[in-house]
Amino acid sequence: MDDTDNRTGRFIRLALLIAANGVLALGPWLVRLADTGPVAAGFWRLTLALPLVALLAWREPSGRPPLGRAGFALVVGAGIFFALDLASWHLGIERTRLGNATLFGNAGSVILIAWGLIAARQRPRMAEMGAVTAALVGAFLLMEGSLQISHENLVGDLFALLAGLFYAFYLLMLRSVRARMGPWGMLVMVIASGAPVALFVAIALGEAIWPQNWTPLLVLAFSSQVVGQGLLIRSLSWFSPVVIGLALLTQPAISALAGYLAFGEVLSVQDVLGMALMGAALALARAAEPRGGGARPYKPRP
């Protein structure tokens, strides 16, 4: 009976992990459906999710060490980078295929490997070398495929890749304060500091801010910022980095399928190979253990 319960519990947890990645993979599709500008959609994703996230933060246990001025500045800075990440990623979503945008938006994992090697001043291991090599080759194949479609698609790939860089900085800034804040409390501060930045960028770009149809934005805020992030937070304590990394590979596949069904985005054999290599890079990066002075394991984007 106990073994059956354990197997059932493991199955439920695995299903929740897959569901989290599936929900997050549909985020780019919802950004496309929004009748605001892409960066404005990022602003509403943060703003509409804030009340529920604040409620979850209020329910978190207290008793953690004080954050301090330096910690407060790091969290605010992380919120700014998160807003820039969303702005750049959403601009990329509007310009390239959904599968490409999802893969490049998660490229922060490979960037963190490079940062960890530089900070630790150590030679790369086989898994790290494999991740970087697979990422570079996969990115080249995907970008070359995008250029064959149009220059605009290549620009979208670059925006999504820039988002991965911003997300890596976001994670690095939060690294030293994670023990002093609950995950939901930290997310409240990130949203509160990032939402005004996203709004400023949207206005500066001349985007439409106020939506006529709230449904895509409400679903985006609840699914990506609350459900997806909440399930991933729980999953990080249930599974090893390898399992998390392999589950992450479902995101680009689901995004690519959504792009095909909703927008007729067809992938060539070269695109599939590039996605496979980029996916392998993400899995290898997720499996790599942190080294002294290096970055902590990659956390999938919310």
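Our structure's up above, just so we're on the same page.
Read on for an overview of the structure. Since we're looking at a predicted model, the values are computed, not measured.

1. Thoughts on the packing of helix 3 (residues 38-58) against helix 4 (residues 68-93)
Working step 1: Relative orientation of the contacting elements helix 3 and helix 4 amounts to 135°, with a least axis distance of 8 Å. When the axes of helix 3 and helix 4 are compared, the pair comes out oblique. The two elements helix 3 and helix 4 meet at a crossing, and its hand is right-handed. Taking contact as the criterion, the partners of P38, V39, A41, G42, R45 and L46 in helix 3 are, on helix 4, F82, L86, A87, W89, H90 and L91.
Working step 2: In terms of residue class, the contact of helix 3 with helix 4 is made up of nine nonpolar, two polar and one charged.

2. Some remarks on a nonpolar patch on the surface
Working step 1: Together, L26, W29, L33 and F263 make up an exposed nonpolar region whose accessible area comes to about 310 Å².
Working step 2: By the element assignment, W29 lies in helix 2 (residues 27-33).

3. Quick notes on helix 12 (residues 250-263)
Working step 1: Taking 1.5 Å of rise per residue, 14 residues should cover 20 Å, and helix 12 covers 19 Å from first to last C-alpha, within 8% of that figure.
Working step 2: When helix 12 is considered as a whole, its buried residues turn out to be Q251, P252, S255, A256, A258 and G259. Considered in projection along helix 12, the buried side chains sweep an arc of 160° and stay on one side of the axis.
Working step 3: Count one or two residues on from helix 12 and you reach G264, which has phi positive near 70°.

Rules and cut-offs
Residues numbered from 1 in each chain as written. Predicted model: local features only at pLDDT ≥ 70, side-chain atom pairs only at ≥ 80, totals over all residues. Heavy atoms only, no water. Axes fitted to C-alpha atoms, helices over the stretch in contact; angles between N-to-C directions. Helix = DSSP H or I, 4+ residues; strand = E, 2+ residues; numbered from the N terminus. Parallel < 35°, antiparallel > 145°, perpendicular 65-115°, else oblique. Left-handed = near helix turned anticlockwise from the far one by under 90°. Contact = heavy atoms within 4.5 Å. Nonpolar A, V, L, I, M, F, W, Y, C, P; charged D, E, K, R; others polar. Patch = residues over 30% accessible without salt bridge, like charges linked within 9 Å, V, L, I, M, F, W, Y side chains within 5 Å. Areas by Shrake-Rupley, 256 points an atom, 1.4 Å probe, with all protein chains shown as cover. Salt bridge = Lys/Arg side-chain N within 4 Å of Asp/Glu carboxyl O. Expected span 1.5 Å × (residues − 1). Buried < 20%, exposed > 50% of the residue type's maximum accessible area, 1.4 Å probe, protein only. Arc of directions from axis to C-beta.

Read these as layout, nothing more, since geometry by itself doesn't imply function.
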